[in-house]
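Report on the structure
This is what each chain is made of:
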2 protein chains.
Amino acid sequence: MSKLSKRQEIIQQAASLFRKRGYSSTSVRDIAREIGMEASSLYNHIRSKQEILNELMLNVAHSFSNGMQSIKEAPLNPLQKLERLVSLHVNITINEPDAVALIPNEWIHLETQGIQDFLSLRDQYEKDFKQILQDCLDQGFIKPVNIELASFSILSTLRWLYSWYSKNQNVNVIELEEEMKKCLIQGLAK
Amino acid sequence: MSKLSKRQEIIQQAASLFRKRGYSSTSVRDIAREIGMEASSLYNHIRSKQEILNELMLNVAHSFSNGMQSIKEAPLNPLQKLERLVSLHVNITINEPDAVALIPNEWIHLETQGIQDFLSLRDQYEKDFKQILQDCLDQGFIKPVNIELASFSILSTLRWLYSWYSKNQNVNVIELEEEMKKCLIQGLAK
DNA sequence: GACTAAAACTAACACTTGTTAGTTACATAT
DNA sequence: ATATGTAACTAACAAGTGTTAGTTTTAGTC
């Protein structure tokens, strides 16, 4: 029986509310009410509302970065790496759907340091992603295609996966991964 | 020299701010400052902040619905209709990028009537989209593929097109359309 | 120049926001 | 039982929110 620390409970509840209503429309009183305490009591566990968002966004961003790092270093051909990237997205999305749901938009509410770190991780991730796709092209694994647009397209789908998953939670994870790979990569493959 | 009505100027500026900071983090005073008047003066032109969001979101939603209606009725085969849908998204995105950028997330801030209308338009649109993809499959225009996932994937890319466009505004529209079609449809085509 | 309607202004409202200060309850170790 | 540190509480703050009322300015018509 895993007992979350109060801090973690707060952060998780906040994630759920941020997802539903957005960071800005969620007050610390909303978060406190959900947990069953007064707003001011939250401050025994967190430093600020902003800190919650920061922790959420940077944790999930690091999950993606670390996953990318592993995949880059793995002894696989680029097409296999691409498939691994799909798995990475599916897994992180299923494990922390609320935090993942914040990625596309809520980063705008991060403040100076946090926003810098987040965007720098995101940019590096996209760069790595494109490189792997480019390697696929160079080594003849996929048809000639505009790399910019293709990577944009695949990443768009993967980023929105959380919304699809929230409507189809019954789906088998392995199956989902396979279908995603078929859908996103097979169309490109030679 | 097209002179926008004050009301339209307000709504356009609001769209730009809503996009940058989100509906909730944009105050009516922010909007007023951008236009160069006092917050209270806005109310000579609009009924409420909510009305602005409502008009923005439902206008753009109707643009998509109307476009879909035309395409459905056009004397084309389903694959051609799919291509037309890509054009539709590219064109609306380029014409009103700010309003389009609000679609994925800001609808959560619509209120009772508006949110109902918006979601009903969106659901119908997705249903029509899937049907056209299904027709492609039934008539043998595309490879066998999970329709749910394929339409989700294509729509994800088209929904996020605005963010890609904001970074690549120099691109030729016709070229963009062609590349999108190649990227999204050609992978599926038999 | 006087009249009128539209659209700007100032001032204020009731309410919500994130956060802090100060205090009390509670659990654990001695 | 006593002491101690953690975590809850109440109360309040300064700032910001959308919106309204009432007034003045502006622009066009007779």
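Residues numbered from 1 in each chain as written. Chains lettered and ligands numbered in written order. Predicted model: local features only at pLDDT ≥ 70, side-chain atom pairs only at ≥ 80, totals over all residues. Heavy atoms only, no water.

Some words on the overall build of chain A
A tally of regular secondary structure across chain A gives 8 helices and 0 strands. Helices and strands appear in chain A in the N-to-C order α-α-α-α-α-α-α-α. Based on the C-alpha atoms only, the size of chain A along its principal axes is roughly 60 × 40 × 30 Å. Counting across all 190 residues of chain A, residues that qualify as buried make up 50%. Summarising the internal contacts of chain A: among those between residues at least 6 apart in sequence, 71% fall at separations of at least 24. As displayed, chain A offers around 9400 Å² of accessible surface, 46% of which is attributable to carbon and sulfur atoms. (Helix = DSSP H or I, 4+ residues; strand = E, 2+ residues; numbered from the N terminus. Buried < 20%, exposed > 50% of the residue type's maximum accessible area, 1.4 Å probe, protein only. Contact = heavy atoms within 4.5 Å. Areas by Shrake-Rupley, 256 points an atom, 1.4 Å probe, with all protein chains shown as cover.)

What to know about the domain arrangement of chain A
Residues and elements named next belong to chain A. For chain A, the domain assignment lists domain 1 (1–46) and domain 2 (48–186). Inter-centroid distance (C-alpha atoms) of domain 1 to domain 2 is 26 Å. Between domain 1 and domain 2, the residue contacts involve 17 residues of the former and 16 residues of the latter. With both chains or domains summed, domain 1 and domain 2 bury close to 1500 Å², and 63% of this area falls on carbon and sulfur atoms. At the boundary of domain 1 and domain 2, one finds 3 salt bridges. Notably, a salt bridge pairs Glu55 with Arg7, separated by 2.7 Å at the nearest N-O pair. Connecting domain 1 to domain 2 are 7 residue pairs in polar contact (both at pLDDT 80 or more). Counting residues per element, the ones that place at least two in the side of domain 1 that touches domain 2 are helix H1 (6–21) and helix H2 (28–35). Broken down by element, the residue count for the side of domain 1 that touches domain 2 peaks at 9 residues, all from H1. Here the residues of the side of domain 1 that touches domain 2 are counted per class, giving 10 nonpolar, 5 polar and 2 charged. (Domains from an automatic or database assignment. Buried area = accessible area lost by both parts, 1.4 Å probe. Salt bridge = Lys/Arg side-chain N within 4 Å of Asp/Glu carboxyl O. Polar contact = N/O pair within 3.5 Å; in protein donor to acceptor, adjacent residues only side chain to side chain. Nonpolar A, V, L, I, M, F, W, Y, C, P; charged D, E, K, R; others polar.)

What about helix H8 (residues 173–186) of chain A?
Because each turn of an α-helix spans 3.6 residues, side chains separated by three or four positions in sequence point in the same direction. When the terminal C-alpha atoms of H8 of chain A are compared, their 19 Å separation across 14 residues agrees well with the 20 Å that a helix rising 1.5 Å per residue should span. Tucked inside the fold, the buried residues of H8 of chain A contact helix H4 (78–95) and helix H7 (147–167) of chain A together with helix H7 (147–159) of chain B. For H8 of chain A, the side-chain oxygen to backbone nitrogen distance between the N-cap and Ile174 of chain A is 2.7 Å, and the N-cap itself is Asn172 of chain A. (Expected span 1.5 Å × (residues − 1).)

Quick look at the protein's contact with DNA strand C
DNA strand C sits among 16 residues. The nearest are Tyr43 of chain A together with Glu38, Ser40, Asn44 and His45 of chain B. When the atoms of DNA strand C within 4 Å of the protein are sorted by group, sugar and phosphate make up 51%. With respect to DNA strand C, the backbone of Val28 of chain A contributes an N or O atom lying 2.9 Å from a phosphate oxygen. A distance of 2.6 Å separates a base nitrogen of DNA strand C from a polar side-chain atom of Asn44 of chain B. (Near = heavy atom within 4 Å.)

Observations concerning the relation of the copies chain A and chain B
Relative to chain B, chain A is turned by 180° and slid 0.0 Å along the rotation axis, the superposed coordinates differing by an RMSD of 0.0 Å. Each copy turns onto its partner about a two-fold axis. Ranked by how close their C-alpha atoms come to the rotation axis, the residues of chain A are headed by Gly187 of chain A, at 1.9 Å. The share of interface residues of chain A whose copies in chain B are also at the interface is 100%, consistent with both copies meeting through the same surface. (Least-squares fit on C-alpha atoms with pLDDT ≥ 70 in both.)

Concerning the packing of helix H6 (residues 112–138) of chain B against H7 of chain B
All names here are of chain B. Contact geometry for H6 and H7: axes closest at 10 Å, N-to-C directions at 120°. Classified by the angle their axes make, H6 and H7 are oblique. The handedness of the crossing between H6 and H7 comes out as right-handed. Seen from H6, the contacting residues are Arg122, Tyr125, Glu126, Phe129, Lys130, Leu133, Gln134 and Leu137; seen from H7, they are Ile147, Glu148, Ala150, Ser151, Ile154, Leu155, Leu158 and Arg159. (Axes fitted to C-alpha atoms, helices over the stretch in contact; angles between N-to-C directions. Parallel < 35°, antiparallel > 145°, perpendicular 65-115°, else oblique. Left-handed = near helix turned anticlockwise from the far one by under 90°.)

Re the interface of chain A and chain B
Between chain A and chain B, the contact holds 29 residues from the first and 29 residues from the second. Between chain A and chain B, the buried area comes to about 2600 Å², and carbon and sulfur atoms account for 62% of it. There are 0 salt bridges connecting chain A and chain B. Inspection of the chain A/chain B interface yields 9 residue pairs in polar contact (both at pLDDT 80 or more). For the side of chain A that touches chain B, the secondary-structure elements that each account for two or more residues are H1, H7 and H8 of chain A.

A look at the protein's contact with DNA strand D
Looking at DNA strand D, there are 16 residues lining it, with Glu38, Ser40, Asn44 and His45 of chain A together with Tyr43 of chain B nearest. Sugar and phosphate atoms represent 53% of those atoms of DNA strand D found within 4 Å of the protein. Arg29 of chain B places a polar side-chain atom, nitrogen or oxygen, 2.9 Å from a base nitrogen of DNA strand D. With respect to DNA strand D, the backbone of Lys49 of chain B contributes an N or O atom lying 2.9 Å from a phosphate oxygen. Here the surface near DNA strand D is built from residues that sort into 3 nonpolar, 8 polar and 5 charged.

Remarks on the environment of Leu17 of chain B
All names here are of chain B. Secondary-structure assignment places Leu17 in helix H1 (residues 6–21). Judged by relative accessible area, which is 1%, Leu17 ranks as buried. In this structure, Leu17 is in contact with Gly22, Thr26, Asp30, Ile31 and Glu34, ignoring residues within four places of it in sequence.

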